[in-house]
Amino acid sequence: MSVRKRLERTRIEESEVNALIEKGARVKEDHLADSREWMYVNLRISASMLKNVDKCVKDRVGIVRTGWILEAIHEKLAKESSRS
Amino acid sequence: MIIVVGGIKGGTGKTTIATNLAVLRSAAGKKVLLVDADEQKSTSSWANQRDFLDIATGWSTIQLGGKALRSQLERMKSDYDDIIVDVGGRETTSLRAAISIADICLIPFKPRSLDVWTLSDVKVLIAEMKPANPKLKAFSMVNQADPKGSDNEGTISILQECEEIKCIESTIGSRKAFANAAGDGLAVSEMKVPDKKAVQEMQELYDFIYKKCTS
């Protein structure tokens, strides 16, 4: 047969489903999920600054470099939010 | 089978329906999961009341919500014969996520204008979510029906105009038995002195969903 009906897409992609779901009002669980979700960033930092960070980390017990940097970010965010 | 009792209007008796269906389904020997996805957590309060009063409960009740509800239900559905999700009366990510994976979406309406006016928005929502879940069957019904007067029939005739959401003709009346049973952590079918009409109405709804819909 030379004439055929156009095939319709019956199901949408998972990303499109998620987009439809996210059109709804966010609830507490969404905010909690966001706070538990980890994102990755590449941080460009000078060798000397990193050396200083590592020196501070070495002086502290039970903290690694990532923890120390996160702590610094928390302190900065707290300072910024108290200003606004 | 996953059933969502939802809608975008609060106070339509979604929790009463979800909890009573869970009791009846469990009594039929099915492994049931009752999901409280309503921010008011009324289903959980009812389940806690059962626990406090040491009432035998043959199913599990959990609190879930948000956009992750879809993946969580997807993971759990093979562990249960039936999942019943009670979603609060607001258009949230929880409601949309539940609709995206449910077999049946049951939307109760009170026989009042303000309630019926939400039908057009519910219709848009169901139509929007349908491509995400082509197997979804959506039903409307009158809950908390008046004992007399013409408002029940008027509401049914408006609900029947919507072809995308089929209206179930049997109604559930505005009966004190539902509230009294809930207060005792019970379903109407579990009361010591059951209100026969209330039990019959809930049984009719149960039969429609679990017998007619699935046959």
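Residues numbered from 1 in each chain as written. Chains lettered and ligands numbered in written order. Predicted model: local features only at pLDDT ≥ 70, side-chain atom pairs only at ≥ 80, totals over all residues. Heavy atoms only, no water.

S.K.: Describe the pattern of salt bridges, listing the residues and the values that go with them.
M.R.: The tally for this structure, following the rule as stated, stands at 19 salt bridges over all chains. A salt bridge links Arg65 of chain A to Asp54 of chain A; the nearest nitrogen and oxygen atoms lie 2.9 Å apart. In this pair, Arg65 of chain A is assigned in helix H4 (residues 65–83) and Asp54 of chain A in helix H3 (residues 47–59), connecting sequence segments eleven residues apart. Residue Arg65 of chain A is classed as partly exposed on the basis of its relative accessible area, which comes to 39%. The exposure class of Asp54 of chain A is partly exposed, given its relative accessible area of 29%. Linking Glu128 of chain B and Arg96 of chain B is a salt bridge whose minimum nitrogen-to-oxygen distance equals 2.7 Å. Taken as a pair, Glu128 of chain B in helix H6 (residues 119–129) and Arg96 of chain B in helix H4 (residues 93–99) lie far apart in primary sequence, 32 residues in all. Among the charged side chains, a network of salt bridges with common partners joins Lys23 of chain A together with Glu91, Arg96 and Glu128 of chain B. (Salt bridge = Lys/Arg side-chain N within 4 Å of Asp/Glu carboxyl O. Helix = DSSP H or I, 4+ residues; strand = E, 2+ residues; numbered from the N terminus. Buried < 20%, exposed > 50% of the residue type's maximum accessible area, 1.4 Å probe, protein only.)

S.K.: Which residues make up the packing of aromatic side chains, and what values go with them?
M.R.: Residue and element names in this part refer to chain B. Summed over the entire model, instances satisfying the criterion amount to three aromatic pairs over all chains. A centroid spacing of 5.9 Å and a plane angle of 15° characterise the contact between Trp46 and Trp59, whose relative ring orientation is stacked. Note that Trp46 is positioned in helix H2 (residues 42–52) and Trp59 in the loop between H2 and strand S3 (60–63), a separation of 13 residues in sequence. A single burial state applies to Trp46 and to Trp59, both of which are buried. Ring centres 4.9 Å apart and planes at 40° place the aromatic pair Tyr206 and Tyr210 in the tilted group. Pair noted here: Tyr206 and Tyr210 are both in helix H9 (residues 196–212), with a separation of four residues, about one helical turn. (Phe/Tyr/Trp six-rings, centres within 6.5 Å; stacked < 30°, edge-to-face > 60°.)

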